[in-house]
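Close look at the chain arrangement
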Amino acid sequence: MNGPPARPYVLLSCAASIDGYIDDASDQRLLLSNAEDLDRIDAVRASCDAILVGAETVRRDDPRLLVRSAVRRAERVARGLPASPAKVTLTARGDLDPTARFFTAGEPVRLVYCASTAVEKTRELLGRLATVVDAGEPVDPGWMLGDLAARGVRRLMVEGGGTVHAQFLTAGLADELHLVVAPFFVGDGRAPRFVGEGRFPWHPGRRARVAGVRQIGDVVLLRYALSERCREA
């Protein structure tokens, strides 16, 4: 598909256990971060124009994807921005629950990038709640970024899950990675990991650059520069 050549600055955000898991295999969401780090994430959200998660994250975690701090929301509004960034998801099948908090919480713009074969079904299901965009077959994340840029998104925060992170990383579409490491192990092969197998641009012959390391309570934030667009803190 043809689209604008420019793309937003893409910041990937993830929290994982020491052994690389982003959740456990139970029905309850595993808390990997702490209150201080969650406030940091809220500040990063407030600095972005849009927040993206995959359809599986919408189904599994039911996130609100809103700026929590009333002060930060007010600061955004004072700058002429919506109180929270736009919400974005991408889906191959369009099997999203219209009662999910992605669609019902807050008043931000909601965008659903959908595979061509599922566009009609998805528009029937979600058309009153979100803008459904045909993003190719399969969904083309590069084209999606061009479309987001055309809609005024200059800074995009990608919050997962692992499949979406892998898509952006293997395609070389990420500028910065915030990886928070929690001080424990999950140790269960049934649980989801940060990313699975793939051909990544960073390998022993091409190492990613560390842009910052910060202890936040009992977790550690590792900030990696993945493109020349990322500057050191």
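Details of the structure are given in the entry above.
So, here's what we can say about the structure. Not measured: the values here are computed from a predicted model.

What counts and how
- Residues numbered from 1 in each chain as written.
- Predicted model: local features only at pLDDT ≥ 70, side-chain atom pairs only at ≥ 80, totals over all residues.
- Heavy atoms only, no water.
- Patch = residues over 30% accessible without salt bridge, like charges linked within 9 Å, V, L, I, M, F, W, Y side chains within 5 Å.
- Areas by Shrake-Rupley, 256 points an atom, 1.4 Å probe, with all protein chains shown as cover.
- Salt bridge = Lys/Arg side-chain N within 4 Å of Asp/Glu carboxyl O.
- Helix = DSSP H or I, 4+ residues; strand = E, 2+ residues; numbered from the N terminus.
- Buried < 20%, exposed > 50% of the residue type's maximum accessible area, 1.4 Å probe, protein only.
- Pairing = 2+ DSSP bridges.
- Right-handed = clockwise from strand over helix to strand, strands pointing away.
- Core = buried A, V, L, I, M, F, W, Y, C linked by side-chain atoms within 4.5 Å.
- Contact = heavy atoms within 4.5 Å.
- Axes fitted to C-alpha atoms, helices over the stretch in contact; angles between N-to-C directions.

With that settled, consider a nonpolar patch on the surface. The grouping of V210, V213 and V220 at the surface amounts to a nonpolar patch, some 230 Å² of accessible area in total. Mapped onto the elements, V213 comes out in strand β8 (residues 209-216).

A few words now on the pattern of salt bridges. This structure, assessed with the given rule, holds 14 salt bridges. Here R72 ties to D39 by a salt bridge, and the two come within 3.0 Å at their closest N and O atoms. Of this pair, R72 sits in helix α3 (residues 70-78) while D39 sits in helix α1 (residues 35-46), and the two are 33 residues apart along the sequence. For R72, a relative accessible area of 17% puts it in the buried group. You can call D39 partly exposed: its relative accessible area is 41%. A salt bridge links R59 to E56; the nearest nitrogen and oxygen atoms lie 3.1 Å apart. Of the two residues, R59 and E56 are both situated in helix α2 (residues 55-61); the distance of 3 residues between them amounts to about one turn of the helix. Through salt bridges with shared partners, a single network forms among E56, R59, R93 and D95.

Looking at chain direction, strand β4 (residues 110-114) and strand β5 (residues 131-134) are connected through 4 bridges and run parallel. The partner of Y113 across the bridge, within β5, is V133. Between the parallel elements β4 and β5, the chain passes through helix α5 (residues 119-126) in a crossover that is right-handed.

If you look at the biggest cluster of nonpolar residues, it comprises 34 residues, and the most contacted ones within it are L52, Y113, L148, L156 and F168. Mapped by element, the contributors of at least two residues to this core are β1 (9-16), β2 (50-54), β3 (86-91), β4, α6 (141-150), β6 (155-158), α7 (162-170) and β7 (176-181). Filtering out sequence-adjacent residues up to four positions away, L156 remains in contact with P8, Y9, V10, L11, A50, I51, L52, L145 and L148. Counting residues in hydrophobic clusters, the runner-up holds 16 residues, among them A55, F103, V112 and V119.

One open sheet accounts for 9 strands, arranged β5-β4-β3-β2-β6-β1-β7-β9-β8; its pairing is mixed. Strands at the two margins of the open sheet, each flanked by one partner only, are β5 and β8. Averaged over neighbouring strand pairs, the angle between their axes works out to 20° when direction is ignored. Sheet analysis places β2 next to β3, joined by 5 bridges and oriented parallel.

What follows deals with the pairing of β8. Where β8 and strand β9 (residues 219-225) come together, 7 bridges link them in antiparallel fashion. Each residue of the ladder has a partner; that of Q215, found in β9, is V220.

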